[in-house]
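# Coordinate analysis (summary)
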Amino acid sequence: MSTVRGRRDGLPGAGGGAAGPFGVLRRALRLLEAVDRRPQGATGAELARELTLTEAQVQLIAEELETEGYLVRLEDGWALGGAFTLLGTQHREPMVRARLYHRLEELRDELGAAVYFSRYHDGELSVEAVCAGEDAPAVHEWADFRATAHASAIGKCLLAQLDHGARLDHLSRHPAAPLTARTITGTDRLLHRLDRQPATVPVLDLQEYSMDTVCAAVPVVAGGTVGCLATSLPVDQAYRLREAAELLAVRAAPLMLAMAV
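Everything quoted here is computed from the prediction, not taken from an experiment.

Calculation notes
- Residues numbered from 1 in each chain as written.
- Predicted model: local features only at pLDDT ≥ 70, side-chain atom pairs only at ≥ 80, totals over all residues.
- Heavy atoms only, no water.
- Helix = DSSP H or I, 4+ residues; strand = E, 2+ residues; numbered from the N terminus.
- Contact = heavy atoms within 4.5 Å.
- Phe/Tyr/Trp six-rings, centres within 6.5 Å; stacked < 30°, edge-to-face > 60°.
- Buried < 20%, exposed > 50% of the residue type's maximum accessible area, 1.4 Å probe, protein only.
- Arc of directions from axis to C-beta.
- Polar contact = N/O pair within 3.5 Å; in protein donor to acceptor, adjacent residues only side chain to side chain.
- Core = buried A, V, L, I, M, F, W, Y, C linked by side-chain atoms within 4.5 Å.
- Salt bridge = Lys/Arg side-chain N within 4 Å of Asp/Glu carboxyl O.

Our next topic: the overall build of the protein. Along the backbone of the protein there are 8 helices and 7 strands. Residue pairs at least 24 apart in sequence account for 58% of intrachain contacts in the protein once pairs closer than 6 positions are excluded.

This next bit is on the packing of aromatic side chains. For the structure shown, the criterion picks out 2 aromatic pairs. Each ring, one from Trp-142 and one from Tyr-209, has its centre 6.1 Å from the other, and the planes form 50°; the classification is tilted. Note that Trp-142 is positioned in the loop between strand S4 (124–131) and helix H5 (153–159) and Tyr-209 in the loop between strand S5 (203–206) and strand S6 (213–222), a separation of 67 residues in sequence. Exposure remark for Trp-142: the relative accessible area of 44% places this residue in the partly exposed category. Looking at Tyr-209, the relative accessible area reads 2%, which means it is buried. Judged by centre distance (5.3 Å) and plane angle (45°), the rings of Phe-145 and Tyr-209 are tilted. Placement of the pair is Phe-145 in the loop between S4 and H5 and Tyr-209 in the loop between S5 and S6, with a sequence separation of 64 residues. For the pair shown, Phe-145 and Tyr-209 are each scored as buried. In textbook terms, an aromatic cluster arises when at least three aromatic residues are bridged by ring pairs, as seen for Trp-142, Phe-145 and Tyr-209.

This brings us to the side chain of Arg-167. Turning to its location among the elements, Arg-167 is positioned in helix H6 (residues 164–173). We classify Arg-167 as buried; its relative accessible area is 7%. Beyond its immediate chain neighbours, meaning those up to four positions away, Arg-167 contacts Leu-159, Ala-160, Leu-162, Leu-191, Leu-194 and Asp-195.

Further remarks concern helix H2 (residues 44–51). Looking only at H2, the buried set comprises Gly-44, Leu-47, Ala-48 and Leu-51. On an axial view of H2, the arc spanned by its buried residues comes to 100°, and they lie on one face. Of the residues one or two after H2, Thr-52 is the one with positive phi, at around 55°.

Within the secondary structure, Gln-207 is located in the loop between S5 and S6. The class for Gln-207 is buried, based on a relative accessible area of 15%. At 2.8 Å, the side chain of Gln-207 forms a polar contact with the backbone oxygen of Met-211. Among all residues touching Gln-207, those that are not within four sequence positions of it are Thr-180, Arg-182, Thr-213, Val-214 and Val-235.

For the rest of this paragraph, the subject is the nonpolar core. Grouped together as the largest cluster of nonpolar side chains are 28 residues, with contacts concentrated most on Tyr-120, Leu-125, Ile-154, Leu-158 and Tyr-209. When contributions to this core are tallied by element, the ones reaching two or more residues are strand S3 (114–121), H5, helix H7 (187–195), S6 and strand S7 (225–234). The element that contributes the greatest number of residues to this core is H5, accounting for 5 residues. Those residues in contact with Leu-158 that lie beyond four places of it in its chain are Ser-118, Arg-119, Tyr-120, Leu-125, Val-226, Gly-227 and Cys-228. In terms of nonpolar packing, the next biggest core, distinct from the first, is built from 20 residues, Phe-117, Cys-131, Val-220 and Leu-248 among them.

Its identity is not glycine, yet Thr-52 carries a phi of approximately 55°, on the positive side. When its relative accessible area of 70% is taken as the criterion, Thr-52 is described as exposed. Even without a glycine there, the phi angle at Gln-207 is positive, about 65°.

Inspection of every chain in the model, using the stated rule, returns 15 salt bridges. Across the pair Glu-110 and Arg-251 runs a salt bridge, and its minimum N-O distance is 2.6 Å. In this pair, Glu-110 sits in helix H4 (residues 92–111) while Arg-251 sits in helix H8 (residues 241–259), placing the two residues 141 residues apart along the sequence. For Glu-110, a relative accessible area of 41% translates into the label partly exposed. Exposure remark for Arg-251: the relative accessible area of 31% places this residue in the partly exposed category. Where Asp-169 meets Arg-173, a salt bridge forms, and the shortest distance between an N and an O atom there is 3.1 Å. Taken as a pair, Asp-169 and Arg-173 lie in helix H6 at a separation of 4 residues, close to a single helical turn. Owing to a relative accessible area of 34%, Arg-173 belongs among the partly exposed residues under this scheme. Bridged by salt links that share partners, the residues Arg-37, Arg-38, Glu-46 and Glu-50 form one connected network.

If you want it as structure tokens, here you go:
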């Protein structure tokens, strides 16, 4: 970055001396971290306040980072650029997982409920990450999630994103078994419900998997990923599910785009 090399930076300590280019480098790194904490974009004013810089200084650093591909300019701010995908590719998966779990922790605390990230790949459902706590218990997996997609909010949300043939294939390998009195086991009825599920409306599990829990899930669309973000509540807190599901839907897209899953 030419700013780091000391060209036309105009920032305090950016010339010679002990601070020198390393001071500018530190500011650039802090700016990138601040932008990363705002997946929907960060304005110059927000960055200036957080970093204790002037907006002119932030603009100067951001423009240099944009030139190098580390930032992209939005209508009213900045977001991380594509250059990061070229860094540390061999360590990318654990880095993404660590960042994902951190964001799930934040979402768990905001919802006051356990949260889950799941994917459907190679013909199977996989719960990739679960973030729960003492006051936000996770669903007790009394029946294998992979074999009970027909009954869970996670499973139905993932199946709804598949085509008709893929759904039939899954159900042929994992027949819909009755788990509770509320479980839908008829294939035609289940497929009809999946066909009618609006993409923008959270999928609900109202005691279909367990009589002790209610759940909601929303789809995650990122590249070729068939994924979903979900939350669960003890049945005595079922009155909170609708509000939690709505907040989940609001948080899903920016959360997962930031993760580049």
